[in-house]
Amino acid sequence: MQKSSSASSLGPGGLDLSQSFFKPIQNTAPPSPTKRHTKVSVIGVGNVGMAIAQTILTQDLVDELALVDAKADKLHGEMLDLQHAAAFLPRTKINASVDYSVTAGSDLCIVTAGARQNPGESRLNLLQRNVAMFSNIIPPLAKYSPDSILLIVSNPVDVLTYVSWKLSGFPSNRVIGSGTNLDSSRFRFLIADHLDVIAQDVQAYIVGEHGDSSVALWSSISVGGVPVLSFLQNQHIAYEKETLENIHKAVIGSAYDVINLKGYTSWAIGYSVANLARSLLRDQRKIHPVSVLAKGFYGIDGGDVFLSLPAQLGRGGVLGVTNIHLTDEEEQRLRESAKTILEVQSQLGL
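Residues numbered from 1 in each chain as written. Predicted model: local features only at pLDDT ≥ 70, side-chain atom pairs only at ≥ 80, totals over all residues. Heavy atoms only, no water.

Chemist: Kindly report on the UniProt feature "active site" (unreviewed entry) in the chain, identifying the contributing residues and their values.
Modeler: Under the UniProt annotation, "active site" (unreviewed entry) lies at His210. Residue position: His210 is located in the loop between strand E8 (206-207) and strand E9 (215-216). Discounting residues that sit within four places of it in the chain, His210 has contacts with Asn155, Val157, Asp158, Gly179, Thr180 and Asp183. Of the polar contacts made by the side chain of His210, one reaches the backbone oxygen of Gly179; its length is 3.4 Å. (UniProt positions renumbered as here; feature names shortened; annotations may be inferred. Helix = DSSP H or I, 4+ residues; strand = E, 2+ residues; numbered from the N terminus. Contact = heavy atoms within 4.5 Å. Polar contact = N/O pair within 3.5 Å; in protein donor to acceptor, adjacent residues only side chain to side chain.)

Now the structure itself:
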């Protein structure tokens, strides 16, 4: 499919009417070189990719959006569908192509593409197919946008973020996985629901693998600045550890609940990734639990591994990892989570 975009050539023979429609004023100067043109590319236009694209557009985060997918007809249709909403959206140039050259000059490349599991297929074989797919995705992104930030959303996100780091040759601060950013939002929602407060007043993190070995950091949870567990202890309010574990299990099972009910997840991950994009592109220096190169943190060793830790994000990507205090049990669980990911990488020969 040839690259398509919005155009001003509406006249006979492709005449550029924009030159005739407007008359320039006198004594003008070119635009300031400090004016940033922000471009984001989304790879994969499935339910997740389009939810991300739509949310980024409505939040006015970009000047240009590029979409890439292997299915030319669907890709073209999704591009047209977004373009037809131009009257209701901030002005954004929208391009789409099966050719990765459309992503050239991107500030942020968001990868959502991934192979679907076939009936009876092992998880390991699915992983191998996804790794093979990424070998055709990441190198051209790195070629056309050598200064961009890679944001990986495809699952298993921690392993594929590691793969992307290796394939791109980018410094580790410019390769990020969406990780447990959404898990932490689900966690905050459940706690807020229990306490009948707004989720934005709950400070809580899920770290480690985006999966079954994730770790809930109960020791650092606060609501309105009040540490929850310390408050309960000081007030001699009894609570059962099993109750806490059940909330964590509910977080892990949340995605499966949505998939069983509607067939896929889309809107929550769309908002989550758009939130990450805002922090990166607008240099917000906000802290998010995302998948980063974790070797050397909290006693994690045994090889290079990406997993989620509370990290400060800005225009340079990962600016640093928060020195959050973990209990001995939380540290041990985090190291076990790292081992789980490293074992998968070992099985794949990575």
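Here the narrative resumes.
Chemist: Please set out the pairing of strand E13 (residues 306-314) residue by residue, giving values where relevant.
Modeler: Counting buried positions along E13 yields 8 of 9 residues, so the element is predominantly enclosed. By the bridge criterion, 8 bridges tie strand E12 (residues 286-293) to E13 in an arrangement that is antiparallel. Its bridge partner being in E13, Lys286 is matched across the sheet by Leu313. Taken together, the 4 bridges between E13 and strand E14 (residues 317-321) define a ladder with antiparallel strand orientation. Bridge pairing links Gln312 to Gly320 in E14. Between E13 and E14, which pair antiparallel in sequence order, lie 2 residues. (Buried < 20%, exposed > 50% of the residue type's maximum accessible area, 1.4 Å probe, protein only. Pairing = 2+ DSSP bridges.)

Chemist: Outline the sheet that holds strand E7 (residues 202-203), supporting the account with residue identities and numerical values.
Modeler: Spatial ordering of the open sheet is given by E7-E10-E11, a layout of 3 strands whose pairing is antiparallel. Each having just a single partner strand, E7 and strand E11 (226-227) make up the two edges of the open sheet. Pairing geometry for strand E10 (residues 222-223) and E11, over 2 bridges, is antiparallel. Its bridge partner being in E11, Val223 is matched across the sheet by Val226.

Chemist: Break down the packing of helix H2 (residues 47-58) against helix H10 (residues 267-281) for me, citing the residues and quoting the values.
Modeler: Look at H2 against H10: their axes get within 8 Å of each other, and the N-to-C directions meet at 50 degrees. Accordingly, the angle class assigned to the pair H2 and H10 is oblique. Crossing geometry of H2 relative to H10 is assigned as right-handed. When H2 is examined against H10, the residues Val48, Ala51, Ile52, Gln54, Thr55 and Ile56 are found in contact with a partner set consisting of Trp267, Ile269, Gly270, Tyr271, Val273, Ala274 and Ala277. Of the residues belonging to the contact of H2 with H10, the class tally is 10 nonpolar, 3 polar and no charged. (Axes fitted to C-alpha atoms, helices over the stretch in contact; angles between N-to-C directions. Parallel < 35°, antiparallel > 145°, perpendicular 65-115°, else oblique. Left-handed = near helix turned anticlockwise from the far one by under 90°. Nonpolar A, V, L, I, M, F, W, Y, C, P; charged D, E, K, R; others polar.)

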